Amino acid sequence: MLTLFQSTILRSIGAVFIFTIGIWNFAYPRLSIRQILVVFFIFWSGFSFVYLNLEYIALISFLLVGIYLYKLPDSTPWTLASIPISYVAGAILDNVISILFFIFFHIDYDEFIFSRIYFPLFICILMPIHYITTFIGGLLIQKLCLKQHTTFSKSLFVMIMSNLLLCSAITLVNVLFGEKVGYTKKNVTFNCTLFLFYFCVSLFTMYRSLKSNEASMRAKQKLEQYESLREYTANLEHVYHNLRSFKHDYINIMASISSFLEEGEYDALHTYFNTYILPLKSTMNQNTETLNNLMNVHVLELKSLLSVKLMSAMEQGIQVTIDIPDTIDQIQLNPIDLTRVLGIYLDNAMEAASETERPVIAFHMAPVHNCIAIMIANSFLDKGLPISEMAQLNVTSKGENHGIGLYNANQILNQYDTVFHETYIEDGQFIQHLQIQNS
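Residues numbered from 1 in each chain as written. Predicted model: local features only at pLDDT ≥ 70, side-chain atom pairs only at ≥ 80, totals over all residues. Heavy atoms only, no water.

Bridge analysis of strand 4 (residues 419-426) against strand 5 (residues 429-437) gives 8 bridges, and the strand direction is antiparallel. In the sheet register, Phe420 faces strand 5, and the bridge partner there is Gln435. Here strand 4 folds back onto strand 5, and the loop between the two strands holds 2 residues, one of which, Asp427, carries a positive phi near 55°. (Pairing = 2+ DSSP bridges. Helix = DSSP H or I, 4+ residues; strand = E, 2+ residues; numbered from the N terminus.)

And the structure:
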């Protein structure tokens, strides 16, 4: 038989491995080897006091792990949620496998917990099953997060975390008090049934909440798409109105020029032409050229986005170059995802270019073999932020309440195996390059 000390140490070691494995599989984005080792040693330090009946030290280790994960640069709500999910999943599997041991080997709790054979065997069986279960659960969470590809609202995150923490608290209180009063096989069976039922209800509640959040995001995206189309139509009407006005005033302009010529006021004519007529011609040519270049884009959502963003850039005094030499009939990418990504890139390009002395944006899109190549280049001020860190959550050179756009764009693109994306700097320009497989 195992002594109390040996049994406590073995259970503590098993708990540390189980919690660490759960966090490793459930955390999103995935933790690095170094980060998961830090989590392991925090748990190890806390649970090493259990054999001294200082369980509260073990509880403090959960708080320390939460603080550490929260401070990570790429931490997300799911990173923190991995702690209570891992704990509850471990408790449920612990109870389920314990019941199977009781039934199969016909032993009670005390005999089981102090056995030199059954309890080590239980730990060896529990850990791989826990790993496989949490690995599958982690994949489902990653798929769900990629599908959401956006940050959660504060209210939704608070609701999910409150539900998970309540579930964990109920499980923890039951375990601690159960240890004090002593377990029986009926206790363990009842606990397992209760935990499993409550956890399933919690998962269903979380799933419905996330589906509701997804529906809200889609409605918001459709509204943004509609607004973009409305602005595109307004731009068309604006350019058409300018053309009609120019045509209507053409005779009057010619008459004014004729009067200068008749009076021989060539210097005054030169001043009049450069001051009033040439700027009008330049503005109309630029707007008309923009719309003409977009005529090759037959994807309505994309055309409306490009029109709104690029004409807005020109209104801000940014020199815009558009190169779309061939017809673009379709792009095999979700149109909402495509417009969100390009909208983020163009907004960032305009903001960065406007900070330079000679603001420039160049947009290129063309079919290349079986792909659609898209390139956005802009002038920028180098603020020393490494390109490798730009797509991380909350990493930005713009100050607070920024640093989420490129992260969201990266999350959207990561769900497509048919998209190649790279960010680089060349000839003093910041470049976003996409290649979308189109066959």
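What follows covers the pattern of salt bridges. This model, assessed by the stated rule, comprises 1 salt bridge. Two residues, Lys309 and Asp347, come together in a salt bridge whose shortest N-O distance is 2.9 Å. Linking Lys309 in helix 10 (residues 300-315) with Asp347 in helix 11 (residues 335-353), this pair joins segments that are 38 residues apart in sequence. For Lys309, a relative accessible area of 19% translates into the label buried. Assessed through its relative accessible area of 33%, Asp347 is described here as partly exposed. (Salt bridge = Lys/Arg side-chain N within 4 Å of Asp/Glu carboxyl O. Buried < 20%, exposed > 50% of the residue type's maximum accessible area, 1.4 Å probe, protein only.)

A few words on the environment of Leu165. The residue Leu165 is located in helix 7 (residues 154-181) in this model. Given a relative accessible area of 46%, Leu165 falls into the partly exposed group. The sequence separation of Leu165 and Pro84 amounts to 81 residues, and the corresponding C-alpha distance is 6.1 Å.

Where helix 10 contacts helix 11, the axes come no closer than 10 Å and their chain directions differ by 10°. As far as their axial angle goes, helix 11 and helix 10 are roughly parallel. Residue-level inspection shows Glu301, Leu302, Leu305, Leu306, Lys309, Leu310, Ser312 and Ala313 of helix 10 in contact with helix 11, the latter providing Pro335, Leu338, Thr339, Leu342, Gly343, Leu346, Asp347 and Met350. (Axes fitted to C-alpha atoms, helices over the stretch in contact; angles between N-to-C directions. Parallel < 35°, antiparallel > 145°, perpendicular 65-115°, else oblique. Contact = heavy atoms within 4.5 Å.)

Take the environment of Gly137 next. The residue Gly137 is located in helix 6 (residues 118-148) in this model. Residue classification places Gly137 among the buried residues on the basis of a relative accessible area of 17%. Put simply, Gly137 and Gly22 are 115 residues apart on the chain and 9.4 Å apart in space, counted from C-alpha to C-alpha.

A separate point is the confidence of the model for the chain. Residues of the chain with pLDDT of at least 70 account for 74%, and the chain-wide mean is 77. Model confidence for the chain, summarised as mean pLDDT per element, is weakest for helix 9 (residues 266-293) at 65 and strongest for strand 3 (residues 371-379) at 93. (pLDDT = per-residue confidence, 0-100.)

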